Amino acid sequence: MTDAPPPWQGPLAGVTVLDFSRVLAGPAASMALADLGADVIKVEPPGTGDDTRGFPPHRDGVSHYFLANNRGKRSIVIDLKAPEGVDLAKALAAKSDILIENYRPGVMDRLGLGYDTLAAINPGLIYCAISGFGMTGPLRDKPSFDIVTQALSGALSVNGEPGAMPSRLGIPLGDLVGGVNGPIAILAALHERHATGKGRLIDISLLDGMFGMLSYLAQLAFFTGEDPTPQGSQHPNLVPYGAFPASDGSIIIACLTDAFWARICAALGRPALAADARFVTTERRRDARGEVNALISDFTERQSVADLVALFTEHQVPHAPILGVGAALAQPQAVAREMVVEVDHTTLGRIPIVNRPFRFPGETMAKPSAPPDLGEHSDAILREVLGLDDAAIAALRAGGVVA
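Below is a summary of the structure that appears in this document. All of these numbers come straight from a predicted model, not from anything done at the bench.

**Overview of the overall build of the protein**
Part 1 of the reasoning: The helix and strand tally for the protein stands at 17 helices and 13 strands.
Part 2 of the reasoning: Its C-alpha atoms give the protein principal-axis dimensions of roughly 85 × 65 × 45 Å.
Part 3 of the reasoning: Out of the 403 residues belonging to the protein, those deemed buried represent 44%.
Part 4 of the reasoning: Partitioning the intrachain contacts of the protein with sequence separation of at least 6 by distance along the chain shows that 68% fall at a separation of at least 24.

What follows is the structure, encoded as structure tokens:
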């Protein structure tokens, strides 16, 4: 009997990422690279580490927030305020393929770790700087938070119920957009480096990213000369489209075409509505939004969510029950895709985490490692990457340069 081959580490196996980022935008970007198999070395300051290690709620001193954004990484504690710490960081950068940071523009330069300095040491380094507003423009030096970026991008203005104050998106997209755009640019630069042998500086602005996320809403504003307004779960031009009440919850119905409208009418037991002149086209249903929504709500509010799911499934109507986070992660589709896995955490023991969102059919990837404890891998990184011996590591620890 032969031993099974070891699990595949991923397409970025052998790529080293030096991660100076903290909180969310940068850690989301580096986590995507870790999910793809890169060795992500998370550099954290002494004492507190990443700011999110202090974000409540905690379990046995471990923050839920930190756990959510740092799977698959290794942690090393380096004091970047000490010259010896900066020297260590430079030495690690010399051995790295990619660097990610999400300080305000200029901070890394003041630390002695800016792009020009590190590119002189390692010309192949791909240096991704993620900030709220990018390296140029009048807001360059302004601090940014998720809700600020949502507000300035226009995204917040279209979120919420009609006639009410706009509300923040429930997910922190103003930060997470950096976790999407950063890896795209990094992987493009990594591909380019195969041809040129040279790295490059990447400037990722969260505000720019949110402008891109406006998608058709930006084009709608250009077409009409008017700002789109909050629609709640409704769509500005498609009706019916959104949340409708059930006797024990609520359900989403999405009508993208006239053919779906006919299926909805059949599901309601009123097939003749499909030919009713008031509702026969997308534009007419949009203009009769209140009447259409009332017709559907009058029906759905007398049915259970389960009955509506069965009915709309039978009639092939696009729909979905509105699930809480726990139910969403426990649903059969999430289970089939193994979107929750258990990992061994050094402090918490065996814990569930959300799995990587990438699949490569025909390959079995190694399970992601648990988010690291602060400084959990300091010694291992110094030995493996820099080749330091025990005496050298002990001297750095004694001087407070690493922990």
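Once the structure has been displayed, the description carries forward.
**Here's the deal with the sheet that holds strand E10 (residues 249–254)**
Part 1 of the reasoning: In spatial order, the strands read E9-E10-E11; together these 3 strands make up an open sheet with antiparallel pairing. Each edge of the open sheet carries a strand with a single partner, namely strand E9 (241–246) and strand E11 (319–321). Ignoring strand direction, the axes of neighbouring strands in this sheet form an average angle of 25°.
Part 2 of the reasoning: The sheet contact formed by E9 and E10 spans 6 bridges and is antiparallel. Residue pairing across strands places Ala246 opposite Gly249, the latter belonging to E10.
Part 3 of the reasoning: Sitting on the sheet, helix H12 (residues 289–300) touches E9 and E10, and the angle it makes with E9 is about 35°.

**Here's the deal with the packing of helix H6 (residues 146–153) against helix H8 (residues 206–213)**
Part 1 of the reasoning: Between H6 and H8, the least distance of the axes is 9 Å, while the angle of their chain directions is 50°. Looking at the two axes, H6 sits oblique to H8. Remark: the crossing between H6 and H8 carries right-handed chirality. Packed against H6, whose contacting residues are Thr149, Gln150, Leu152 and Ser153, the element H8 presents Leu206, Leu207, Met210 and Phe211 at the interface.

**So, the environment of Asn122**
Part 1 of the reasoning: By secondary structure assignment, the location of Asn122 is in the loop between helix H5 (115–121) and strand E7 (126–131).
Part 2 of the reasoning: Between the C-alpha atom of Asn122 and that of Ala93, which follows or precedes it by 29 residues, the distance is 7.3 Å.
Part 3 of the reasoning: Within polar-contact distance, the side chain of Asn122 engages the backbone oxygen of Ala93 at 3.0 Å.

**A word on the packing of aromatic side chains**
Part 1 of the reasoning: The full count for this structure, using the stated rule, is 4 aromatic pairs.
Part 2 of the reasoning: Between the aromatic rings of Tyr115 and Tyr127, the centroid separation amounts to 5.7 Å while the plane-to-plane angle is 80°, which identifies the pairing as edge-to-face. Note that Tyr115 is positioned in helix H5 and Tyr127 in strand E7, a separation of 12 residues in sequence.
Part 3 of the reasoning: Under the relative-accessibility criterion, Tyr115 is labelled buried at 19%.
Part 4 of the reasoning: Their ring planes at 70° and their centres at 6.1 Å tell us that Trp261 and Phe279 sit as a pair that is edge-to-face.

**Describing a nonpolar patch on the surface**
Part 1 of the reasoning: On the surface, Val325, Leu329, Val340 and Val354 cluster together into a nonpolar patch covering about 320 Å² of accessible area.
Part 2 of the reasoning: Along the chain, Val325 turns up in helix H14 (residues 325–330).
Part 3 of the reasoning: Its relative accessible area of 64% is what places Val325 among the exposed residues.

Calculation rules
What you see as residue numbers is a count from 1 along each chain, following the sequence as written. In keeping with the predicted nature of the model, local features appear solely for residues at pLDDT of at least 70, side-chain atom pairs appear and are counted solely at 80 or more, and the whole-chain, interface and lining totals rest on all residues. Computation of side-chain values covers all heavy atoms of the structure but excludes hydrogens and water. Counting from the N terminus, the helices are DSSP H or I runs at least four residues long and the strands are E runs at least two residues long. Residue exposure (1.4 Å probe, protein chains only): buried if accessible area is under 20% of the type maximum, exposed if over 50%, otherwise partly exposed. Contact definition: two residues touch when any of their heavy atoms are within 4.5 Å. Only strands joined by at least two bridges in the DSSP assignment are considered to pair. Axis definition: a line fitted to C-alpha atoms, over the contacting stretch in the case of helices. Angles run 0 to 180 degrees between N-to-C directions. Orientation is classified from the angle alone, with under 35 degrees giving roughly parallel, over 145 giving roughly antiparallel, 65 to 115 giving roughly perpendicular, and any other angle giving oblique. Take the far helix as your reference; a near helix turned counterclockwise from it by less than a right angle gives a left-handed crossing, and one turned clockwise gives a right-handed crossing. What qualifies as a polar contact is a pair of N or O atoms within 3.5 Å, subject to a donor-acceptor requirement within protein and to the restriction that residues adjacent in sequence count only when both atoms come from side chains. Stacked, tilted and edge-to-face are the three classes assigned to paired rings of Phe, Tyr and Trp, where Trp is represented by its six-membered ring and a pair needs centres within 6.5 Å; plane angles under 30 degrees give stacked, over 60 edge-to-face, the rest tilted. Every patch collects residues that have over 30% relative accessible area and no salt bridge, joining them within 9 Å if they carry like charges and within 5 Å if they are nonpolar side chains (Val, Leu, Ile, Met, Phe, Trp, Tyr). Surface accessibility in these figures is a Shrake-Rupley result with a 1.4 Å probe; residues are shielded only by whichever protein chains are displayed. Only one rule defines a salt bridge in this text: a Lys or Arg side-chain nitrogen within 4 Å of an Asp or Glu carboxyl oxygen.

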